[in-house]
Amino acid sequence: SGSQPHLEIDDLHVYYGKAHALKGVSLSIDEGEIFGVIGPNGAGKTTMLNAIANFVDYEGTIRYGGTDLTSHSPREIVQDGLVYCTEDRDLFPFFSVHENLLMGAQFRDDDDAVQADLEMVYDLFPKLDQRREQEAETMSGGEQQMLAIGRALMSDPDVLMLDEPTLGLAPIIIEDINDAIETLNAEGLTILLAEQNSTFALRHADRLALLETGTIELSGPADEFQDNDYIQEAYIGIH
Ligand code: ATP
């Protein structure tokens, strides 16, 4: 399109003490795409998302729509439109489904749009609609994942960052989450997906990057990943 990238990560470094977890990661994510970051346990995928959300200190530059996010607080980053579903989901366990969803809208003051987004989330995930008053901790893993995505949507994201959204979930629930992601992306949401089991990312992503020990080893369109011998051997058909 010739426009500047939506989300631009340039020479990102993260250290945990002496451990160099990200060693100069650079990536551009375009508006409206699904971008998958795959790689083994410990490669740095979560660290990368944590850096974008400003949950960890980093060196390098992260820009969104041309704005440098380095000095933005985690809350400001949500308000900028970048919303993160962590691997742990971080639900409020003793709050109901409905209350958890409302927590996602805590930084918004556009009440009518919040109401409309609530109905949108309940349409997207009928299982949540049926369980509005149920406590989050009593839901299944898959339902909790839907709730985490629903709560993120209540923050009105432009970019949704998902860390391991289908890890450990039953296939039937993965299908529901598949459908939701397809719907959201078709409506224009940009999605940044991190996954160890790359099946889901390979199925959905327009472009992918392979991260290993803090370094991007390969990046490109999904079909190049599908055809790559190394990816085939290391990441497909092993799970
Ligand atoms: P996973 O899928 O298991 O989350 P990952 O690719 O997301 O893996 P990270 O969790 O980002 O990998 O971890 C990258 C590296 O940084 C690993 O070597 C990990 O042990 C280390 N690391 C992550 N968080 C911390 C921390 N808080 N303190 C020290 N080291 C950490």
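Preceding this section is the structure that the text describes.
Everything numeric here is computed off the predicted structure, so don't read it as measured data. (Residues numbered from 1 in each chain as written. Predicted model: local features only at pLDDT ≥ 70, side-chain atom pairs only at ≥ 80, totals over all residues. Heavy atoms only, no water.)

### Here's the deal with the overall build of the protein
- Of regular secondary structure, the protein possesses ten helices and ten strands.
- Against the compact-globule benchmark of 18 Å for 239 residues, the protein has a radius of gyration of 17 Å, which places it among compact chains.
- The burial tally for the protein puts 49% of its 239 residues in the buried class.
- In the protein, once contacts between residues fewer than 6 apart in sequence are set aside, the share between residues at least 24 apart is 67%.
- Carbon together with sulfur atoms contributes 45% to the accessible area of the protein, which is approximately 11,100 Å² in total.
- Each charge sign in the protein was given a centre, from 13 positive and 45 negative side chains, and these centres are 5 Å apart. (Helix = DSSP H or I, 4+ residues; strand = E, 2+ residues; numbered from the N terminus. Rg over C-alpha atoms; globule rule 2.2 N^0.38 Å. Buried < 20%, exposed > 50% of the residue type's maximum accessible area, 1.4 Å probe, protein only. Contact = heavy atoms within 4.5 Å. Areas by Shrake-Rupley, 256 points an atom, 1.4 Å probe, with all protein chains shown as cover. Lys, Arg positive; Asp, Glu negative; His and termini not counted. Charge placed at Lys NZ, Arg CZ, Asp CG, Glu CD.)

### Details of unusual backbone geometry
- One non-glycine residue, D11, adopts positive backbone phi at about 55°.
- Mapped onto the secondary structure, D11 falls in strand β1 (residues 7-16).
- Taking the relative accessible area as the measure of exposure, D11 reaches 42% and is therefore partly exposed.
- For D90, which is not glycine, the phi torsion reads 50° and is therefore positive.
- Relative to the helices and strands, D90 is located in the loop between β6 (82-85) and α3 (97-103).
- When its relative accessible area of 43% is taken as the criterion, D90 is described as partly exposed.

### Details of the sheet that holds strand β5 (residues 67-68)
- Reading across from one edge, β2-β1-β4-β5 is the order of the four strands in this open sheet, with antiparallel pairing throughout. In this open sheet, the two strands that pair with only one neighbour each are β2 (19-29) and β5.
- Pairing of β1 with strand β4 (residues 59-64) involves five bridges; the strand directions are antiparallel. If you follow E8 over to β4, its bridge partner there is R63. (Pairing = 2+ DSSP bridges.)

### Points about the site of the ligand
- Around the ligand sit 13 residues in total, of which N41, G42, G44, T46 and T47 are the nearest.
- Take G44: an N or O atom from its main chain is 2.8 Å from an oxygen atom of the ligand.
- Contact between the ligand and T46: an oxygen atom at 2.6 Å from a main-chain N or O atom of the residue.
- Expressed as a share of its isolated accessible area of 620 Å², the protein-covered part of the ligand is 58%.
- Broken down by element, the residue count for the shell around the ligand peaks at three residues, all from helix α1 (residues 45-52).
- Residue classes in the shell around the ligand are distributed as four nonpolar, six polar and three charged. (Near = heavy atom within 4 Å. Polar contact = N/O pair within 3.5 Å; in protein donor to acceptor, adjacent residues only side chain to side chain. Nonpolar A, V, L, I, M, F, W, Y, C, P; charged D, E, K, R; others polar.)

Coordinates in, geometry out; function isn't part of it.
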